[in-house]
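# Summary of structural features
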Amino acid sequence: MTMAATAAKHDCPVSHCDPYSRENLMDPHAMHAELRDAGPVFRLDRYDCYGMARFAQVHQGMNDWQTYSSASGVGLDDFRKTRPWRPPSILLEVDPPLHTQTRSVMSRVMSPAAMRQKREEWQEKADHLVDDLVARGSFDAIADLANVFPLRVFPDAVGLRPEGRENLLPYGNMVFNSFGPRNEVFLESVANAQPVVQWIMDQCRREVLTPGGFGAQIFEAMDRGEIDETQAPILVRSMLTAGLDTTIIGIGSMVYAFAQFPDQWQVLRDNPALLRPAFDEVVRWASPVQTFFRTTTRDVDVEGVTIPDGSKVLMFLGAANRDPRKWERPDDLDIRRPTIGHVGFGTGIHGCVGQMVARMEADVVMTAMLKRIKAIEIAGEPVRHLNNTLRSLASLPVRVIPA
């Protein structure tokens, strides 16, 4: 990884690094530090795009949809020039006015009030799951907890039939991989795409969804004329990624974080009221979503550097969330830290619509764990799962000491 800076005061630094190499996907922190130090904006010559890794610029860019548009795709591909591998999302990959229309429907269906109605049921299921795991003493926090609980509650809430739910995680893996280049990581994920994608599309039809679920409520919004008949199944499809992948990674990251920072687990056990800010701090520290692209709609000046109209700009959310210009001791987990403004769920109008789901599921799982677990210890080598956009673990062996 090398950085070449041109001589003129306002010329743009150029990076020769590959953010999508297996090495950098495995451990991006050294690359992030170099990119932050390069300047407020830089060019990634390998992908002929611009990048931002400092908190100030990432936060500002993510909040300025008029200048940094999502409508040309939030991945490396420019939808004005290439055909996406699947129909674009009408939530994530559109701007107002369409985004305002679809977001309002989805935000109402997946609102905090809707989540509160699920709390008692989800808490009971979390309690049973954690009871079983604590009785075992040792388990894989990913395979036995983070992957299990969201798949146990969220598909039911959406109204999916039980058969075929094993397709949900491979589908999310494909979607988030597609935001990067067509590298080996992407190609491996789509090797068996056709049956997975077909199953997903089949589940988004009104006649297969359970009445009263989140999916059925999308079609009820169609009946009221809030969206049309082509948009309803696409919104149901968006729900299947918005409500699962970041939730799964968030739960796994919480276990990993508190195993590495046992003093913070004790702080949380002593004061369970910190649970919500603790989850935000974990999301800042772990940044499950590492990157998203935007496309400029005009020539834009960033501290003396001009990014031309129509340029792809890679926003490094993970780097921004550990920018020492914004956070003190950014590599440490500190659940008392004020985390307002972190970009772990994105920010602005395109902030993660599924974050209410992630928050509620993390809350009930951690509530169950706090009552039953005194300490969490890593009991084997963690294994990373590589994805072009998400940073997660494939395996995390842990041992727990009962409370």
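Residues numbered from 1 in each chain as written. Predicted model: local features only at pLDDT ≥ 70, side-chain atom pairs only at ≥ 80, totals over all residues. Heavy atoms only, no water.

## Details of the pairing of strand β14 (residues 397-402)
Judged from the three bridges that link them, strand β6 (residues 138-140) and β14 form a sheet pairing that is antiparallel. Looking at β14, one finds that Asp140 is bridged to Pro397. Taken together, the five bridges between strand β11 (residues 373-378) and β14 define a ladder with antiparallel strand orientation. Across the sheet, Ala375 pairs through a bridge with Ile401, a residue of β14. (Pairing = 2+ DSSP bridges. Helix = DSSP H or I, 4+ residues; strand = E, 2+ residues; numbered from the N terminus.)

## Thoughts on unusual backbone geometry
Here Pro96 and Pro97 are connected by a cis peptide whose omega angle stands at 10°. Looking at where Pro97 falls in the secondary structure, it is placed in the loop between β5 (68-69) and α4 (98-109). Despite not being glycine, Glu303 shows a phi value in the positive range, around 50°. For Glu303, the location among the structural elements is in the loop between β8 (300-302) and β9 (305-307).

## A closer look at the packing of helix α13 (residues 245-260) against helix α17 (residues 355-372)
At a closest axis distance of 9 Å, the pairing of α13 and α17 adopts a crossing angle of 35°. Of the two elements, α13 crosses α17, and the hand of that crossing is right-handed. Contact residues: α13 offers Thr247, Ile251, Met254 and Val255, while α17 offers Val357, Ala358, Glu361, Ala362, Val365, Met366 and Met369. Its residues placed into classes, the contact of α13 with α17 shows nine nonpolar, one polar and one charged. (Axes fitted to C-alpha atoms, helices over the stretch in contact; angles between N-to-C directions. Left-handed = near helix turned anticlockwise from the far one by under 90°. Contact = heavy atoms within 4.5 Å. Nonpolar A, V, L, I, M, F, W, Y, C, P; charged D, E, K, R; others polar.)

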